[in-house]
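Coordinate inspection notes
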Amino acid sequence: MVVYRQKDYSQAMNYAAQSGELIGAINSEKDTELQDAIVPFRTPIFLRTIQVDNLRAEPNSTAKVVNRLKLNMPLTVSAYYHEWLYVQVSNNLSGWIQSSSVDVQFSNRRFKE
């Protein structure tokens, strides 16, 4: 991690804590009944789709579909709400996707379709 190599340990710990929080949200370890607001991440987290799914305008399954996401499409997550993640895709579209449709992307390079 770049911030660790730069000896910015505070930012490295912040990134690790946010990553742990996201993993907990994806794995449903958190009590989502208590979460009533969108939780932003200060550091982008890179994911990929593990199935074809819809990118939606709002964090619910009846919201307008913004785009259809392909399998293995890289995403950058910036917030979550219950089991929904707010993401940006490589074509600069953003919206909401269910956390069950994503997995960790191990590279933080800029993605190409």
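Quick note: structure is the one above.
Residues numbered from 1 in each chain as written. Predicted model: local features only at pLDDT ≥ 70, side-chain atom pairs only at ≥ 80, totals over all residues. Heavy atoms only, no water.

**Some words on the overall build of the chain**
Scanning the chain for helices and strands turns up 2 helices and 7 strands. In the chain, which comprises 113 residues, the share counted as buried stands at 37%. In the chain, the share of contacts with a sequence separation of at least 24, taken over all contacts with a separation of at least 6, comes to 55%. With an accessible surface of roughly 7100 Å², the chain has 51% of that area assigned to carbon and sulfur atoms. (Helix = DSSP H or I, 4+ residues; strand = E, 2+ residues; numbered from the N terminus. Buried < 20%, exposed > 50% of the residue type's maximum accessible area, 1.4 Å probe, protein only. Contact = heavy atoms within 4.5 Å. Areas by Shrake-Rupley, 256 points an atom, 1.4 Å probe, with all protein chains shown as cover.)

**Here we look at unusual backbone geometry**
The phi dihedral of N72 is positive, around 65°, even though this residue is not glycine. Mapped onto the fold, N72 is located in the loop between β3 (65-69) and β4 (74-81). Phi is positive for H82, close to 55°, though the residue is something other than glycine. Mapped onto the fold, H82 is located in the loop between β4 and β5 (84-89). The exposure class assigned to H82 is buried, which follows from its relative accessible area of 19%.

**Some thoughts on the side chain of D53**
Within the secondary structure, D53 is located in strand β2 (residues 53-56). The side chain of D53 sits in the buried core without any salt bridge; R68 is the nearest counter-charge, 5.0 Å away. Polar contacts involving the side chain of D53 include one to the side chain of S101, which spans 2.6 Å. Excluding anything up to four places from it in sequence, D53 contacts N67, R68, L69, I97, Q98 and S101. (Lys, Arg positive; Asp, Glu negative; His and termini not counted. Salt bridge = Lys/Arg side-chain N within 4 Å of Asp/Glu carboxyl O. Polar contact = N/O pair within 3.5 Å; in protein donor to acceptor, adjacent residues only side chain to side chain.)

Worth remembering: the numbers are spatial, not functional.
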